[in-house]
Amino acid sequence: MANEQRGFTSSLGAILAAAGGAVGLGNIWRYPYMLGQNGGGAFLIVNMFFVLLIGIPLMMTEFVIGRRAQSNVVGAYKKLGRKKGWGVIGYFSILAAVLIYAFYSVVAGWTLNYIVMACTNQLSGMTPAAIADTFSTFTSHSFWPVLFQLLFLILTAVVISLGVQKGIEKISKILMPLLFILLLLMVVRSLTLPGASEGLHFLFHPDFSKLSGAGVLNALGQSFFSLSLGVGAMVTYGSYIRKEDSLFKTSLWISVCDLMVAILAGVVIFPAVFSFGMDPAGGPQLVYVVLPNVFNSMPLGGLFAAVFFVLLGIAALTSTISLQEIVVAFMVEELHWSRRKSSIISMVLTFVVGAFCALSFGPIKHWTLFDKTIFDLFDLITASYLMPMLALATTIFLGWFYPKVEVKDEITNGGALNANLFELYYFILRFVAPIALLVILVSGIIG
Ligand code: TRP
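Presented here is a report on the structure given in the accompanying data block. Given the structure is predicted, the values throughout are model-derived calculations rather than measurements.

**Observations regarding the nonpolar core**
Thinking step 1. In terms of nonpolar packing, the biggest core is built from 167 residues, with Tyr-288, Phe-308, Phe-309 and Leu-398 touching the most fellow members.
Thinking step 2. Setting aside residues no more than four positions away along its own chain, Leu-398 makes contact with Thr-61, Val-64, Ile-65, Val-407, Tyr-425, Tyr-426 and Leu-429.

Rendered as structure tokens:
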């Protein structure tokens with residue numbers, strides 16, 4: 001079958017590659033913090049509900065589009081939309097992917113620097129003030145962040161240029177199990193620290209009184225951002241999923257992996273932070289400033305610091321791979337460039353744009369619009385506007401314009417799979433998901 005040569009060779013390969021795209025930097029510092037701030041277990045329950053209700057159906061929707069069309073994101077909308085201008089969704093997806101990659105690779109580059117520092121034991125023995133100073137000096141430097149960003153882009157491009165099976169699938173099969181092993185190692189370390197239970201309490205105690213309307217909205221937005229929806233990543237990977245694989249099961253497994261990594265990251269971070277009496281700050285500070293202090297106070301801290309940053313690097317790499325693949329698949333199939341040429345050109349393009357993001361913590365931090373630096377602007381434009389808008393356009397396209405029989409045919413693999421859940425899925429696709437996305441969009445615009 002043509003599609004077997006085109007894409008992933010097994011269901012496991014598909015699940016691990018797409019889970020790699022979903023599990024990212026966001027799982028490790030964003031999710032645990034949100035959980036802690038929004039009533040712990042209460043946020044967890046609401047978030048899981050949204051993942052099931054909206055996240056999984058939206059992922060299936062992207063998979064249906066990619067697998068039906070056997071094509072990259074631009075080609076897929078053009079093909080299924082029969083040239084009625086739907087291709088524009090594809091082009092905006094490419095734009096969103098480049099913008100996300102541009103700022104995401106900055107933080108990925110920081111991680112690379114911290115891997116080097118942790119492995120050469122440079123972080124150990126530093127005072128808390130020195131650790132904070134190291135972070136701000138490094139991120140505002142005019143050369144090093146750009147260099148580390150470039151190194152990360154090159155690393156990603158090397159994997160991409162090896163191809164879907166020999167590059168993406170192969171490395172995901174190695175890195176994702178490794179990520180879980182390292183994460184479990186960290187979980188054991190953290191839970192055996194004195195006073196760990198206080199951190200677990202902060203994380204899991206379901207306090208519904210702390211879950212505000214904004215918290216519920218965060219739980220919704222997070223379920224959607226964390227699964228990497230609305231950028232065409234899952235359309236592209238969907239086109240690589242074998243016809244005999246169930247799109248529902250694949251989406252379910254990916255979501256389970258994504259949630260599990262997010263929750264386990266919280267189990268690593270908060271017991272450790274509380275055990276040493278530190279403040280559970282949010283954002284990059286938590287990972288790059290608070291945690292190095294925590295590692296310095298624990299036995300074998302140097303080793304665990306190295307393990308932790310390698311873990312963070314792996315989570316980032318499998319995500320940057322899925323981001324670049326969106327663009328490379330487009331270049332290969334629509335522009336008919338070789339995979340190697342596409343990898344290099346898209347990497348250079350991302351670097352030209354991304355370097356501005358890297359420098360926006362230092363030399364050009366005064367280049368602002370609406371009080372936001374270039375890095376923050378890219379983050380805002382993609383996460384608050386482009387991703388929800390594109391996901392909304394996707395649901396309208398598949399739910400309201402594309403023939404229902406064809407959707408059903410793709411989801412049931414031509415009638416071979418059980419179709420019990422199909423009507424429920426289709427209802428969510430047409431009504432529930434678009435409304436939820438509109439709510440995210442409007443609340444993002446209002447601020
Ligand atoms: N899901 C990723 C994370 O949690 C972030 C992300 C959003 C992403 N959209 C994406 C990654 C598209 C790859 C492709 O960190």
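We are not done yet, so read on.
**Quick look at the site of the ligand**
Thinking step 1. In the vicinity of the ligand lie 15 residues, with Ala-22, Gly-26, Tyr-104, Ser-226 and Ser-228 positioned nearest.
Thinking step 2. With respect to the ligand, the side chain of Tyr-104 contributes an N or O atom lying 2.8 Å from an oxygen atom.
Thinking step 3. In the model, a nitrogen atom of the ligand is placed 3.1 Å from a nitrogen or oxygen of the Phe-225 main chain.
Thinking step 4. In isolation the ligand exposes 360 Å². Once the protein is present, 100% of that is buried.
Thinking step 5. Its residues assigned to classes, the shell around the ligand comprises seven nonpolar, eight polar and no charged.

**What about the packing of aromatic side chains?**
Thinking step 1. Across all of its chains, the model carries 31 aromatic pairs by this definition.
Thinking step 2. For the pair Trp-86 and Phe-397, a centre-to-centre distance of 4.8 Å together with 55 degrees between the ring planes defines the contact as tilted. Remark: Phe-397 occurs in helix 17 (residues 374-401) and Trp-86 occurs in the loop between helix 5 (73-80) and helix 6 (87-119); sequence separation between them is 311 residues.
Thinking step 3. Owing to a relative accessible area of 1%, Phe-397 belongs among the buried residues under this scheme.
Thinking step 4. Taking the centre distance of 5.3 Å and the plane angle of 45 degrees together, the rings of Tyr-114 and Phe-309 count as tilted. In this pair, Tyr-114 sits in helix 6 while Phe-309 sits in helix 15 (residues 301-334), placing the two residues 195 residues apart along the sequence. Exposure class is identical for Tyr-114 and Phe-309. Each is buried.
Thinking step 5. Within the aromatic cluster, the residues linked to one another by ring pairs are Phe-103, Trp-110, Tyr-114, Phe-135, Tyr-288, Phe-295, Phe-308, Phe-309, Phe-361 and Phe-375.

**Some thoughts on unusual backbone geometry**
Thinking step 1. Here the phi dihedral of His-336 falls at roughly 60 degrees; this positive angle occurs in a residue that is not glycine.
Thinking step 2. As for its placement among the helices and strands, His-336 is situated in the loop between helix 15 and helix 16 (339-359).
Thinking step 3. Residue Phe-370 is not a glycine yet carries a positive backbone phi of 50 degrees.
Thinking step 4. Looking at the secondary structure, you find Phe-370 in the loop between helix 16 and helix 17.

**A look at helix 9 (residues 164-191)**
Thinking step 1. The end-to-end C-alpha distance of helix 9, which contains 28 residues, comes to 38 Å, matching closely the 40 Å that a straight helix rising 1.5 Å per residue would cover.
Thinking step 2. Ser-172 marks where helix 9 bends most, by close to 25 degrees.

**Examining the packing of helix 5 against helix 15**
Thinking step 1. Running from N to C, helix 5 and helix 15 cross one another at 60 degrees; their axes reach a closest spacing of 7 Å. The orientation of helix 5 relative to helix 15 falls into the category oblique. Within the contact between the two elements, helix 5 uses Val-73, Val-74, Gly-75 and Lys-78 and helix 15 uses Ile-326, Phe-330 and Glu-334.
Thinking step 2. Per-class residue counts for the contact of helix 5 with helix 15 are four nonpolar, one polar and two charged.

About the thresholds
Residues numbered from 1 in each chain as written. Predicted model: local features only at pLDDT ≥ 70, side-chain atom pairs only at ≥ 80, totals over all residues. Heavy atoms only, no water. Core = buried A, V, L, I, M, F, W, Y, C linked by side-chain atoms within 4.5 Å. Buried < 20%, exposed > 50% of the residue type's maximum accessible area, 1.4 Å probe, protein only. Contact = heavy atoms within 4.5 Å. Near = heavy atom within 4 Å. Polar contact = N/O pair within 3.5 Å; in protein donor to acceptor, adjacent residues only side chain to side chain. Areas by Shrake-Rupley, 256 points an atom, 1.4 Å probe, with all protein chains shown as cover. Nonpolar A, V, L, I, M, F, W, Y, C, P; charged D, E, K, R; others polar. Phe/Tyr/Trp six-rings, centres within 6.5 Å; stacked < 30°, edge-to-face > 60°. Helix = DSSP H or I, 4+ residues; strand = E, 2+ residues; numbered from the N terminus. Expected span 1.5 Å × (residues − 1). Bend = angle between axes of the 7 residues up to and from the residue. Axes fitted to C-alpha atoms, helices over the stretch in contact; angles between N-to-C directions. Parallel < 35°, antiparallel > 145°, perpendicular 65-115°, else oblique.

Everything listed here is a matter of geometry and, on its own, says nothing about what the molecule does.
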